[in-house]
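Read off the chains here:
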Amino acid sequence: MVAALVMSHVGSALAANMKKKWLKKVIATATCSNQNKVFKQKSNTLKKDYILAFKGVFLYIKTTKTKLVSKGKKMKPLLFASQNKSKIYDIQLYLGDKFQLKTAFDFLDLNIQINEGYSSLKENALLKASTYAKATNLVTIADDTGFFINELGGEPGVAAKRWAGELPENATAEMFWEYLKQKTAHLEKITCYFEQCFAISHPNGKHTFVSKFTHGFLHKDKLLEPYNQTDYPLAQAFNVKDRNCTWDEITDEMKKQFDKPLIDNLLNAISFVSKK
């Protein structure tokens, strides 16, 4: 984690001397007078460093390993319209270092009620995103996720938690887990996939979508276990294709690597919606 700023009076000769493959134990500080901000960074090792002079104000050492972050710079707020703690955890993991993330829990006083349908993930996601965006005046992302079991003809489908209407509107994660066990008890194998649709909406109505498909199967022995007490019970039994572990067993670093295309697509979508 390296980056350094050096005082503006350091000339080009010093800059040239500092350009080398390894630079050890560098501590540099610079003050940007026009913004009245002080940036400090400390480094033990620098790779592929180069120095850029900005109009005599300061020299900025940029490296391939480090991003310089201003301590005074505020991150833009972004609302994730969800009260699902498992989903919130993942979004915080994916986007929390780039935005000041807020969730539906921050706006409980608005008493927003969303009635999701049974036919379209896009419509459900956009309904949530646009409703919260207009109510809070914040760029908002929301998702809806369908779960499809091949051996059951695609059940439970779009309204996964409610099992396409076979469970009540207020069905809990534990109710879903017990019902899943009943529905799959006779199956020898359970191949399945998730379709997750994100809607990204601006308060002015501008929006776009990002979709993700994740294929895998359910472990029969894991289905015999008790409910895992989370908002995402399928995580304890769902094995991602080509990975020898369930979603519960995947580390945060593995999640970020696995979902890097999704993260990149979300960042591009947020940027697109935010542009005037």
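Parameters at a glance
- Residues numbered from 1 in each chain as written.
- Predicted model: local features only at pLDDT ≥ 70, side-chain atom pairs only at ≥ 80, totals over all residues.
- Heavy atoms only, no water.
- Helix = DSSP H or I, 4+ residues; strand = E, 2+ residues; numbered from the N terminus.
- Buried < 20%, exposed > 50% of the residue type's maximum accessible area, 1.4 Å probe, protein only.
- Contact = heavy atoms within 4.5 Å.
- Areas by Shrake-Rupley, 256 points an atom, 1.4 Å probe, with all protein chains shown as cover.
- Expected span 1.5 Å × (residues − 1).
- Arc of directions from axis to C-beta.
- Polar contact = N/O pair within 3.5 Å; in protein donor to acceptor, adjacent residues only side chain to side chain.
- Pairing = 2+ DSSP bridges.

## Section: the overall build of the protein chain
Regarding its fold elements, the protein chain presents six helices and twelve strands. Counting only residues that meet the buried cut, the protein chain has 44% of its 276 residues in that class. Counting only contacts in the protein chain whose residues sit at least 6 apart along the sequence, the fraction spanning at least 24 positions is 57%. By element, 52% of the accessible surface of the protein chain is carried by carbon and sulfur atoms, the whole surface being about 15,900 Å².

## Description of the environment of Glu 188
By the secondary structure assignment, Glu 188 is in the loop between α4 (173-184) and β10 (191-201). Sequence separation between Glu 188 and Glu 151 is 37 residues, and the spatial gap between their C-alpha atoms is 9.4 Å.

## Quick look at helix α6 (residues 260-274)
Helix length check: α6, at 15 residues, gives a terminal C-alpha distance of 21 Å against a target of 21 Å (1.5 Å per residue), a fit within 8%. Inspection of α6 places Leu 262, Ile 263, Leu 266, Ala 269, Ile 270 and Val 273 among the buried residues, and these make up the whole buried set. In a view along the axis of α6, the buried residues occupy a sector of 130 degrees, so they form one face of it. In α6, those exposed residues whose orientation departs by more than 90 degrees from the buried face are Pro 261 and Asn 268. As for α6, its buried residues are in contact with β6 (77-80), α2 (85-95), β8 (140-149), β10, β11 (207-218) and α5 (252-258).

## Focus on the environment of Asn 84
With respect to the helices and strands, the residue Asn 84 is situated in the loop between β6 and α2. Spatially, the C-alpha atom of Asn 84 lies 9.0 Å from that of Thr 230, the residues being 146 residues apart in sequence. Polar contacts involving the side chain of Asn 84 include one to the main-chain amide nitrogen of Ser 86, which spans 3.0 Å.

## So, the pairing of β6
Two faces belong to every sheet, and in a regular strand the side chains alternate between them. In the sheet, β6 pairs with strand β7 (residues 100-103) via four bridges, with the strands oriented parallel. Residue pairing in the sheet places Pro 77 in a bridge with Gln 100 of β7.

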